[in-house]
Amino acid sequence: SGVAGLIKAVLMLQKRQIAPHLHLQEVNPHLRLAERSLAIPVTLQPWQAATTRYAGVHAFGFGGANAHLILGEAPVCEPAAASPAAQRAHHILALAALNPAALHALVGRLAGYLAAHPEADVADICASFNTGRSHFPQQRTAARAALIAATTAELATRLRELQAEPVTVRLAAPRVAFLFTGQGAAHQGMGRQLYHGFPRFREAIERCDALLRDRLPRPLLSVLYTAGDAAHILHEPQYAWPALFAVEYALAQLWQSWGIAPAHLLGQGVGEYVAATIAGALTLEDALQLVAEIGRLLAALPQKAALAAFERFAARYTWRTPAIPILSGVTGGLLAGGELLTASYLERTLRQPALERAMQALHTARCNVFLELGPRPQLSEVVRQTLDPAEALYLCALQGNAPDERSLLTSLAAYYAAGGTVDWPAFHRDMAYRRL
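For the structure given in this document, a descriptive report is provided here. (Residues numbered from 1 in each chain as written. Predicted model: local features only at pLDDT ≥ 70, side-chain atom pairs only at ≥ 80, totals over all residues. Heavy atoms only, no water.)

1. Here we look at the overall build of the chain
Alright, step 1. The secondary structure content of the chain amounts to 17 helices and 11 strands.
Alright, step 2. Taken over the C-alpha trace, the chain has a radius of gyration of 28 Å; the compact-globule value for 436 residues is 22 Å, which it surpasses by more than 25%.
Alright, step 3. When its C-alpha atoms are laid out on the principal axes, the chain stretches across 95 × 55 × 50 Å.
Alright, step 4. By sequence separation, contacts in the chain at least 24 residues apart represent 73% of the contacts at least 6 residues apart.
Alright, step 5. Of the roughly 21,000 Å² that the chain leaves accessible, carbon and sulfur atoms contribute 55%.
Alright, step 6. Across the chain, 37 positive and 33 negative side-chain charges occur, with their mean positions spaced 5 Å apart. (Helix = DSSP H or I, 4+ residues; strand = E, 2+ residues; numbered from the N terminus. Rg over C-alpha atoms; globule rule 2.2 N^0.38 Å. Contact = heavy atoms within 4.5 Å. Areas by Shrake-Rupley, 256 points an atom, 1.4 Å probe, with all protein chains shown as cover. Lys, Arg positive; Asp, Glu negative; His and termini not counted. Charge placed at Lys NZ, Arg CZ, Asp CG, Glu CD.)

2. A word on the nonpolar core
Alright, step 1. Grouped together as the largest cluster of nonpolar side chains are 94 residues, with contacts concentrated most on F178, F201, F245, W255, W258 and Y273.
Alright, step 2. Element by element, the count of residues in this core is highest for helix α9 (residues 237-257), at 14 residues.
Alright, step 3. Discounting residues that sit within four places of it in the chain, F201 has contacts with G191, L194, Y195, Y225, V247, A250, L251 and L254.
Alright, step 4. By size, the runner-up hydrophobic cluster in this structure holds 23 residues, among which are C126, F129, L147 and A149. (Core = buried A, V, L, I, M, F, W, Y, C linked by side-chain atoms within 4.5 Å. Buried < 20%, exposed > 50% of the residue type's maximum accessible area, 1.4 Å probe, protein only.)

3. A word on the sheet that holds strand β8 (residues 264-267)
Alright, step 1. Reading across from one edge, β9-β8-β7-β10-β11 is the order of the five strands in this open sheet, with parallel pairing throughout. Edge positions in the open sheet fall to β9 (326-327) and β11 (393-396), since each of these has one partner strand only.
Alright, step 2. Sheet topology places strand β7 (residues 176-180) next to β8; four bridges connect them, and they run parallel. Note that in β8 the partner of F178 across the bridge is L265.
Alright, step 3. Sheet strands touched by helix α14 (residues 355-364): β7, β8, β9 and β10 (369-373). Its angle to β8, the strand with the most contacts, is close to 170°.
Alright, step 4. Contacting β7, β10 and β11, helix α16 (residues 404-417) runs over the sheet at an angle of about 160° to β11. (Pairing = 2+ DSSP bridges. Axes fitted to C-alpha atoms, helices over the stretch in contact; angles between N-to-C directions.)

4. What to know about unusual backbone geometry
Alright, step 1. Even without being glycine, R32 reaches a positive phi, approximately 45°.
Alright, step 2. Summarising the element assignment, R32 is placed in the loop between β1 (17-18) and β2 (45-46).
Alright, step 3. Take R32: its relative accessible area is 40%, and that puts it in the partly exposed class.
Alright, step 4. Positive phi, close to 50°, is recorded for F136, a residue that is not glycine.
Alright, step 5. The residue F136 is located in the loop between α3 (122-132) and β6 (143-149) in this model.
Alright, step 6. Note on F136: relative accessible area 18%, which makes it buried.

5. As for helix α1 (residues 2-15)
Alright, step 1. Counted at 1.5 Å a residue, the expected span for α1 with its 14 residues is 20 Å, and the 20 Å between its end C-alpha atoms agrees.
Alright, step 2. If you check which residues of α1 are buried, you get A9, M12 and L13. Looking down the long axis of α1, one finds its buried residues gathered within 100° of arc, a one-sided arrangement. More than 90 degrees from the buried face of α1, the exposed residues found are V3, Q14 and K15.
Alright, step 3. In this structure, the buried side of α1 is in contact with β1, β3 (54-60) and β4 (66-72). (Expected span 1.5 Å × (residues − 1). Arc of directions from axis to C-beta.)

6. Concerning the layout of surface pockets
Alright, step 1. In this structure, the largest pocket spans a volume of roughly 450 Å³.
Alright, step 2. Around the largest pocket, the lining comprises 18 residues; the ones closest to its centre are K8, M12, I18, P41 and G56.
Alright, step 3. Broken down by secondary-structure element, the contributors of at least two residues to the lining of the largest pocket are α1 and β3.
Alright, step 4. In the lining of the largest pocket, the residues fall into 11 nonpolar, six polar and one charged. (1 Å grid on protein atoms, 1.4 Å probe; cavity = no way out; pocket = protein on both sides within 12 Å on 5 of 7 lines; lining within 4 Å. Points joined across faces, edges and corners; volume = space filled by probe spheres on them. Nonpolar A, V, L, I, M, F, W, Y, C, P; charged D, E, K, R; others polar.)

7. A few points about the pattern of salt bridges
Alright, step 1. Applying the stated rule across the entire model yields 10 salt bridges.
Alright, step 2. In this structure, the salt-bridge partner of E35 is R32, at a minimum N-O distance of 3.1 Å.
Alright, step 3. Beyond isolated ion pairs, a larger network of salt bridges with shared partners links E154, R158, E161 and R406. (Salt bridge = Lys/Arg side-chain N within 4 Å of Asp/Glu carboxyl O.)

8. Regarding a nonpolar patch on the surface
Alright, step 1. On the surface, V3, I7 and L11 cluster together to form a nonpolar patch covering roughly 280 Å² of accessible area.
Alright, step 2. Summarising the element assignment, I7 is placed in helix α1. (Patch = residues over 30% accessible without salt bridge, like charges linked within 9 Å, V, L, I, M, F, W, Y side chains within 5 Å.)

9. Description of the environment of I125
Alright, step 1. Its place among the elements puts I125 in helix α3.
Alright, step 2. Take I125: its relative accessible area is 2%, and that puts it in the buried class.
Alright, step 3. Once the C-alpha coordinates of I125 and R296 are considered, the two residues, 171 residues apart in sequence, prove to be 49 Å apart.
Alright, step 4. In contact with I125, other than residues within four places in its own chain, are L93, L110, L114, A120, T152, L155 and L436.

10. Here we look at the packing of aromatic side chains
Alright, step 1. What the rule picks out here adds up to nine aromatic pairs.
Alright, step 2. For the pair F245 and Y249, a centre-to-centre distance of 6.2 Å together with 15° between the ring planes defines the contact as stacked. One end of the pair is F245 and the other is Y249, both in helix α9 and four residues apart, which spans about a single turn. Each of the two residues, F245 as well as Y249, counts as buried.
Alright, step 3. Taken together through their ring pairs, the aromatic side chains of F198, W255, W258, Y416, W424 and F427 make up a single cluster.
Alright, step 4. Lying across the ring of F427, R88 places its NZ or CZ 5.0 Å from the centre. (Phe/Tyr/Trp six-rings, centres within 6.5 Å; stacked < 30°, edge-to-face > 60°. Lys NZ or Arg CZ within 6 Å of the ring centre and 35° of its normal.)

Have a look at this one:
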């Protein structure tokens with residue numbers, strides 16, 4: 001009777017109809033159904049519902065065991081369409097299985113599906129796989145792969161290539177360090193594709209732009225994403241420091257929105273102020289004020305006059321205890337006492353970085369994934385010279401000479417394939433897709 005009731009409930013959910021009770025002759029008056037807003041259906045009727053439909057199935061066993069199931073209808077296939085700005089040119093497919101052999105079998109099945117359904121939409125396929133399947137986060141034997149494609153045809157090609165490659169078992173426990181790029185990496189248009197395709201990135205950039213309106217002669221957004229002389233003025237400290245800060249802060253917000261939390265932080269120059277903001281040692285408003293003032297002073301005054309003026313300016317700001325450990329790009333030790341608010345530390349930041357010691361400290365802290373958040377790789381050579389490539393995974397959110405979106409997804413794919421946990425529903429939240 002339990003299985004029959006389950007089948008009946010599933011069919012009613014599928015058909016969105018309520019089946020009649022077959023043998024009702026007379027209702028016991030002591031039930032007082034009307035008082036309890038209950039009814040026994042005696043005819044087939046449509047199942048009206050303003051939200052998700054649910055059905056309860058109860059079964060009695062001969063041995064006295066009872067079971068009760070709550071069934072809900074499948075989610076709507078087409079979620080609300082995202083805004084055109086959230087449409088992306090590239091998509092990422094995350095694949096996981098209990099072992100390499102099972103992963104190869106899964107790849108083969110999906111390749112066969114694409115061969116039979118070349119009209120399938122690549123965004124639908126990727127979102128359905130990423131959000132609808134287990135990623136086996138606890139199984140040490142689990143194998144993973146992540147593919148990037150712009151079209152269904154390209155995805156089919158990547159799957160065929162993966163079928164011919166050996167699959168390695170993922171890392172046991174990725175531990176992430178966020179690295180924030182220093183000055184000298186700014187270029188006009190940095191992060192433009194992300195600004196148009198990733199709402200969380202765009203929101204962070206626009207928030208920085210709003211907070212800087214009274215600090216910059218030209219709005220930050222026009223400097224970043226408007227053609228003209230912006231490419232030239234981004235080499236000026238007055239604009240380069242705030243622009244770099246905004247892009248790196250927005251990148252950190254984007255990765256964190258996907259469930260990727262740093263265990264440690266490290267920055268160089270302007271990147272140290274981003275790290276302090278992410279750690280909660282400085283508020284976003286305070287950090288932007290400080291960075292904008294540094295850029296203004298460096299552009300207007302000789303460096304030693306500029307340093308003294310900065311310390312007088314910074315005295316009004318408060319340093320809080322970081323919620324995430326920050327490694328100093330100058331000493332290699334922990335930042336703990338408001339060094340970023342002193343002229344002596346700023347002078348050393350500009351002249352005497354000690355990133356090798358900081359990288360070793362991160363390695364000692366068991367960090368094995370180094371994610372550089374900046375417009376182009378700047379710290380990669382330090383990582384490669386300091387750490388064994390077999391023990392560390394180096395990623396850069398943006399490559400500078402490659403399309404922003406593809407660079408971003410390439411790093412995310414490598415992180416996932418190495419065993420990192422990604423909040424895929426959050427990743428796809430701003431996109432329009434059909435669940436397959």
